[in-house]
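Per-entry structural report
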Amino acid sequence: MPSPSDAQADLIAYLDFHVEAGADAALDEHPHDRFSEADTPAPTLRAPRRAPPRIAESSATPVANTLVPPPGSAPPPASSSAAPRTFGRAASAQPDEAASDARARARQAKSLDELERILADFDACPLRFTAKNLVFADGNPEARVMFLGEAPGADEDRIGKPFMGRSGQLLDKMMKAIGLDRTSAYIGNIVPWRPPGNRNPTPQEVAVCRPFVERQIELVDPDIIVCLGAPATQTLTGSKDGILRTRGRLFPYKLPNREVKLLATLHPAFLLRQPVQKRLAWRDFRALRALIDGKA
């Protein structure tokens, strides 16, 4: 028979699982199926019964109803029955239209600060409305090396900076092993908002956010781009191969005025799940050090 301490440990593990999955806030005592609720037609409200016009005591002539507009006046505007949008243009924008709008807005940015402001006002990506914070970047924008991950997690969403949780701590150790830190590197993500429950961003979400990260790369103008994980590598290189096939490879990446090198490697979160693969990441980071030193 399990002891009370075992039951308590199981309960804590159960709660930890939900927090890691993104269910970190209690909204009600009972679950609700919001999808079925959205399909339920809104109840029709009865129009209030209009009281009959009063008749003056001193005269039998009825008083004119003040609710009826006088002749010749414009009719009152029709009330709209459409429900207010809670997700901005993301509720109705088509993916192609949203991506085209993102490209136009990204081109307007002349600096990283301006690009961050444009992203904060961009409402055609639904992730903006489910995330707590915009996670734009961290580190030194003048650095030669730019690291790019996939999307923020729960810690990053809470703090507003990339790679702040356990994977960020591992990334800091990996950078330190080759003489880098956040003052000598620039860190960002392909998608700047956390997907609900830490799920993978959809191809549509990546397509909408891609113009912004491409403009971010242009403004940073790094000598070396390091893609952490398959989503970042596939987005910037067009490769369909998995990360275990592309890691350690160098790809050309074209900037407006030159071509730089892109190195694919394993994401720190993947290494936390499979520590045995750290030996491959160490090879990649040694190759990165050689690139920085001009020996590769």
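Report on the accompanying structure. The shown structure was predicted, so the numbers you read here are calculated from the model rather than taken from an experiment. (Residues numbered from 1 in each chain as written. Predicted model: local features only at pLDDT ≥ 70, side-chain atom pairs only at ≥ 80, totals over all residues. Heavy atoms only, no water.)

1. Concerning unusual backbone geometry
Let me state the cut-off plainly: A run of H or I in DSSP counts as a helix once it spans at least four residues, and a run of E counts as a strand once it spans at least two, with each numbered from the N terminus. Here the term buried applies to any residue with accessible area under 20% of the maximum for its type, exposed to any over 50%, and partly exposed to those in between, with areas from a 1.4 Å probe on protein chains only.
Phi angles above zero are rare outside glycine, and N198 is one such case at about 60°. Along the chain, N198 turns up in the loop between β3 (186-189) and α8 (203-220). With a relative accessible area of 32%, N198 lands in the partly exposed category. Phi at D221 takes a positive value of approximately 55°, unusual for a residue other than glycine. Residue position: D221 is located in the loop between α8 and β4 (224-228).

2. Details of the sheet that holds strand β1 (residues 138-139)
To keep it simple, the criterion reads: Two strands qualify as a pair provided that DSSP identifies no fewer than 2 bridges between them. In what follows, a contact means two residues having at least one pair of non-hydrogen atoms within 4.5 Å. Helix axes are fitted to C-alpha atoms over the stretch in contact, other axes to C-alpha atoms as well, and angles between N-to-C directions run from 0 to 180 degrees.
Ordered in space as β1-β3-β2-β4-β6-β5, the six strands form an open sheet in which the pairing is mixed. The open sheet terminates on both sides in strands that have one partner only, identified here as β1 and β5 (250-254). Along the sheet, helix α12 (residues 278-292) makes contact with β2 (145-149), β4, β5 and β6 (259-265), crossing β6 at roughly 160°.

3. Some points on the pairing of β3
Burial of the side chains of β3 extends over both faces: Y186 and G188 are buried on one face and I187 and N189 on the other. As judged from the two bridges shared by β1 and β3, these two strands associate in the antiparallel manner. Paired with G139 across the strands is Y186, a residue of β3. With four bridges joining them, β2 and β3 adopt parallel strand pairing. The residue bridging G149 from the neighbouring strand is N189, located in β3.

4. A look at the pattern of salt bridges
Rules: Salt bridges are identified by distance alone: a Lys or Arg side-chain nitrogen within 4 Å of an Asp or Glu carboxyl oxygen.
Evaluated as defined, the whole model comprises 13 salt bridges. Close ionic contact of R144 with D223 constitutes a salt bridge, the shortest N to O distance being 2.8 Å. Of this pair, R144 sits in the loop between β1 and β2 while D223 sits in the loop between α8 and β4, and the two are 79 residues apart along the sequence. Taking the relative accessible area as the measure of exposure, D223 reaches 27% and is therefore partly exposed. Residue D284 is joined to R247 by a salt bridge in which the shortest nitrogen-to-oxygen separation is 2.6 Å. Taken together, the residues span a long stretch of sequence, with D284 in helix α12 and R247 in the loop between α10 (243-246) and β5 at a distance of 37 residues.

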